[in-house]
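Now for the letters of each chain:
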Amino acid sequence: MLLAALLLVGLFILLMLAGVPIGVAMGLTGFLVIAIEGMGVMALPTNIWTGIAKYPLLALPMFVLAGMVFERAGVAARLVGFAQLLVGNRTGALAIVAVLLCMILGGVSGSGAADAAAVAAVMVPPMLRQGYPAPYVASLTAAGGATDVLIPPSIPFIIYAVLVPGVSVPALFLAGVVPGILSGLALIIPAVWLARRGGFGLPEPRETQPPLTAARIWRSFLDAIWGLAAPVVILGGLRSGAFTPTEAAVVAVFYGLFVGAVVYRSFGWRDLYEVMRDGAEISAVVLLIVALAAIYAHAGSTAGIFDALAQMLIGLTGNEVVMLLAITLLLMIAGTALDAISTYLIFLPILLPIAALFQWDLTWFGVIITMNVAIGAFTPPTAVNLMVTCRIAGCTMESTMVWVWWFLLAMTSVMLLVTFVPEIALALPRWMGDL
């Protein structure tokens, strides 16, 4: 087993360092371990199929498609206009709007990188015109996009529920609501403080602003109401039992198509082809990673490697607080290089025995793991969200270092609060009867 363990961990790390795509690295490593240990190479096609042939996974491509439809339909731009009126003409107003927009769009697609890209595309031009530094804008939108994997619907939560028996998607969705909102509010604090300290994002002269009247607010609200209603429709349908989480994803797609094609009339046949093509590409990449990771997971579990690694971690300390902090550090480091789905597939087989030993609630544990991964998504040097927003803002990742740490500190504070006060996550699903 020692050789298998060295191959499973060592070869995977070497392939990652060599720049091999993560799905290929997991699949190739798992295949070699299975072949060397004689665990049945002919069973691999079945393992790959069972890795993705799960009903809840049908929601994944649909939520990806829903997010792209809403972006193309122009919903984000209308939400920005309404949010600006609500926030008012103040220092750092657009920074607040950017975070709020991330949180609202998180209630549609649940994909952090996709929503960070959508928000950056809408917010970068006006923020740069108001004097916000490009690295600041990239850091803020990357951090704001990270909240999207916590605010339901969340693709990582769906994957977690598939991988962990006994955990329901509705309970996870509800458990992520309060931590997601707290994370967004926490990001606003350093965003405004940095704007005031740096002297950018200053309020425009009053004489250049049209008067703020009730009629103007009402018109803007009516223009944005279809976007604001999307999370209500999706979550309301889930809570009422009108549809399952998988069906909710399909409803979200058709709702977005209706808004874009009928209400706003900004969505045509060419747009439909393009979003379906791009959505299929993104979904295929994600599902390919899941399928290839099934080989890796089969090799590790069959050879007993994951259990051995879990026992090794348990042997290091029996202190629950120390173990939680150690897991937090491990996942935050892993999150800088891996996306949420890859992190689940690699680390859950190791962490679940530890959770069982300490009798941790697996719904709360899923929220904690996802928060760690969300933070890693905008933590240099290989942050996925930050790569996307830096490209859109036209700056280097190195230039964001002076800004991103403030947002990292804010979101880490919320994550530690939820870690040591589990009721922050569990109170809502418990109150709604899902726990």
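Each remark here, short or long, concerns the structure printed above.
Rules behind the numbers
- Residues numbered from 1 in each chain as written.
- Predicted model: local features only at pLDDT ≥ 70, side-chain atom pairs only at ≥ 80, totals over all residues.
- Heavy atoms only, no water.
- Helix = DSSP H or I, 4+ residues; strand = E, 2+ residues; numbered from the N terminus.
- Contact = heavy atoms within 4.5 Å.
- Areas by Shrake-Rupley, 256 points an atom, 1.4 Å probe, with all protein chains shown as cover.
- Lys, Arg positive; Asp, Glu negative; His and termini not counted.
- Charge placed at Lys NZ, Arg CZ, Asp CG, Glu CD.
- Patch = residues over 30% accessible without salt bridge, like charges linked within 9 Å, V, L, I, M, F, W, Y side chains within 5 Å.
- Salt bridge = Lys/Arg side-chain N within 4 Å of Asp/Glu carboxyl O.
- Buried < 20%, exposed > 50% of the residue type's maximum accessible area, 1.4 Å probe, protein only.
- Core = buried A, V, L, I, M, F, W, Y, C linked by side-chain atoms within 4.5 Å.
- Disulfide = S-S within 2.5 Å.
- Expected span 1.5 Å × (residues − 1).

A.B. asks: Mind laying out the overall build of the protein chain, listing which residues take part and the relevant values?
C.D. replies: Secondary structure assignment for the protein chain yields 20 helices and 0 strands. Taking the principal axes of its C-alpha atoms as reference, the protein chain extends roughly 75 × 45 × 45 Å. For the protein chain, long-range pairs separated by at least 24 residues make up 79% of all intrachain contacts whose partners lie at least 6 apart in sequence. By element, 71% of the accessible surface of the protein chain is carried by carbon and sulfur atoms, the whole surface being about 18200 Å². In the protein chain, the 16 positive side-chain charges and the 19 negative ones have mean positions that sit 13 Å from each other.

A.B. asks: Lay out a nonpolar patch on the surface with the relevant residues and their values.
C.D. replies: A surface patch of nonpolar side chains, amounting to about 450 Å² of accessible area, comprises Val-321, Leu-325, Leu-416, Leu-417, Phe-420 and Val-421. Looking at the nonpolar patch, the elements that each hand over two or more residues are α15 (320-335) and α19 (401-420). The biggest single contributor to the nonpolar patch is α19, with 3 residues. Under the relative-accessibility criterion, Val-321 is labelled partly exposed at 41%.

A.B. asks: Explain unusual backbone geometry to me, and be specific about the residues and the numbers.
C.D. replies: Despite not being glycine, Gln-359 shows a phi value in the positive range, around 55 degrees. If you trace the backbone, Gln-359 turns up in the loop between α16 (340-358) and α17 (362-376).

A.B. asks: An account of the nonpolar core is requested, with residue identities and associated values reported.
C.D. replies: Burial of nonpolar side chains together is a common tendency in soluble globular proteins. Ranked by internal contacts, the top residues of the largest apolar core, which has 146 residues, are Met-127, Tyr-136 and Trp-360. If we skip the residues at most four places from it in the chain, Tyr-136 touches Ala-95, Met-127, Ala-191, Val-192, Leu-194, Ala-195, Phe-200, Trp-403 and Phe-407.

A.B. asks: Which residues make up the state of the cysteines, and what values do they have?
C.D. replies: The full count for this structure, using the stated rule, is 0 disulfides. With no disulfide of its own, Cys-102 lies 14 Å from the sulfur of Cys-390, the closest cysteine sulfur. With no disulfide partner, Cys-390 has as its closest neighbouring cysteine sulfur the one in Cys-395, 4.0 Å distant.

A.B. asks: An account of helix α5 (residues 75-87) is needed here, citing residue identities and associated values.
C.D. replies: With 13 residues, α5 extends 18 Å between its outermost C-alpha atoms, agreeing within 8% with the 18 Å of an ideal straight helix rising 1.5 Å per residue. Every buried residue of α5 is listed here: Val-75, Ala-76, Leu-79, Val-80, Phe-82, Ala-83, Leu-85 and Val-87. Once α5 finishes, Gly-88 follows within two positions and takes phi at roughly 90 degrees, a positive value.

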